[in-house]
Amino acid sequence: MTQIAPGVFSMKQNKGGHVHAFLLDNASELTLIDTLFNTDARQVLDRIKSIGRTIQDLKHIVLTHGHRSHLGGLATLKRLSGATVYSHEWEADIIAGERPAQPVTIIPMRPLSIYWRVYYLQFGAALGRGKHPPCPVDSTLKDGDMVGPAQVLHTPGHTPGHLAFWWGERQVLFAGDAIATYPEFEAGWPAFNLNPTQQRTSIRRMADLEAEVVAVGHGDPITGGAAERLRSLIQPEVPASVV
Ligand SMILES: [Zn+2]
Ligand SMILES: [Zn+2]
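Trainee: What should I look at first to understand the coordination of the zinc ion (ligand 1) in this one?
Mentor: Six octahedral donors at a metal ideally form angles of 90 or 180 degrees, and four tetrahedral donors ideally form angles of 109.5 degrees. Taken together, His 65 (NE2), His 67 (ND1), His 158 (NE2) and Asp 177 (OD) make up the protein donors of the zinc ion (ligand 1), found 2.1 to 2.2 Å from the metal. Angles of 90 to 165 degrees at the metal separate the four donor atoms of the zinc ion (ligand 1), which places the site in the irregular class. When the donors of the zinc ion (ligand 1) are listed by position in the chain, the intervening gaps give H-x1-H-x90-H-x18-D.

Trainee: What is the right way to read the sheet that holds strand β9 (residues 150-154) from this model?
Mentor: Here we have five strands laid out as an open sheet, ordered β8-β9-β10-β11-β12, and mixed in their pairing. Each edge of the sheet is formed by a strand with only one pairing partner; in this case those strands are β8 (146-147) and β12 (213-216). Pairing geometry for strand β10 (residues 163-167) and strand β11 (residues 172-176), over three bridges, is antiparallel. By the bridge assignment for β11, Trp 167 is matched with Val 172.

Trainee: Explain empty space enclosed by the protein here, please?
Mentor: Any empty space left between the atoms is revealed when a probe the size of a water molecule rolls over them. Taken as a whole, this structure holds two cavities of 30 Å³ or more when the rule is applied. A volume near 40 Å³ is recorded for the largest cavity. Forming the boundary of the largest cavity are His 20, Phe 22, Ile 33, Asp 34, Thr 64, Phe 174, Ala 175, Gly 176, Ala 215, Val 216 and Gly 217. Among the elements that line the lining of the largest cavity, the one with the most residues is β11, at three residues. Of the residues in the lining of the largest cavity, the class split is six nonpolar, four polar and one charged. Reported here for the second largest cavity is a volume of approximately 30 Å³. Forming the walls of the second largest cavity are Gly 66, His 67, Trp 90, Glu 91, Ile 94, Ala 101, Gln 102, Thr 159, Pro 160 and Leu 194. The residue makeup of the lining of the second largest cavity, split by class, is five nonpolar, four polar and one charged.

Procedures and definitions
- Residues numbered from 1 in each chain as written.
- Chains lettered and ligands numbered in written order.
- Predicted model: local features only at pLDDT ≥ 70, side-chain atom pairs only at ≥ 80, totals over all residues.
- Heavy atoms only, no water.
- Donors = N, O, S within 2.8 Å, 3.2 Å for Na, K, Ca; no water.
- Tetrahedral: all angles 85-135°; square planar, octahedral: opposite > 155°, others 65-115°.
- Pairing = 2+ DSSP bridges.
- Helix = DSSP H or I, 4+ residues; strand = E, 2+ residues; numbered from the N terminus.
- 1 Å grid on protein atoms, 1.4 Å probe; cavity = no way out; pocket = protein on both sides within 12 Å on 5 of 7 lines; lining within 4 Å.
- Points joined across faces, edges and corners; volume = space filled by probe spheres on them.
- Nonpolar A, V, L, I, M, F, W, Y, C, P; charged D, E, K, R; others polar.

Don't take any of this as a statement about function, it's just geometry.
In structure tokens, the structure reads:
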């Protein structure tokens, strides 16, 4: 099942930690959220063709953030489509290849029985390994902007310029790496959350949207009762008196 809501198509690769990208078709134009791991963009190109569209219909390429797994096909897709490339300002120079992504901790995530599956990615991110073909960002996005049919939500925590997208009319939230369903359902891979306080705020904000479907950066989309599952990730506030 690759159509996860009307006009929303999911693409995935086992590489890059079961990374996903999403194609949004709002009848007039196509918008792509993230670009998968492989640099040839083959899967995205095939999917565009399979829904009866051409690469010229792709008008917007938006990046949730500047991590390698999400940037593989970007330069190829930009060259073939001429689409406008967007990200948050904080991520733009990473995507353009002018600055490395902020390193994450090398200490393995717990439980090891689950997170060993993505440790190779954490190890790479800790050492600053893994380069993507660089591509300049044409336009920066901030909270509340619209791109294609989707509203931009600035959801820092995983990275400072992390963006999520909300297609309100279809009740679909694209949560990027703020939420993961692989290797398990979690408020992002713990070791990758650079700022846990910001991350908690971002999760709360996304849980308030009443999403039917939540599409995430790593793992399968949540295609029913998504808002309820998001609320299960909210950690209770610790009263100041007990700290
Ligand atoms: Zn990431
Ligand atoms: Zn990722």
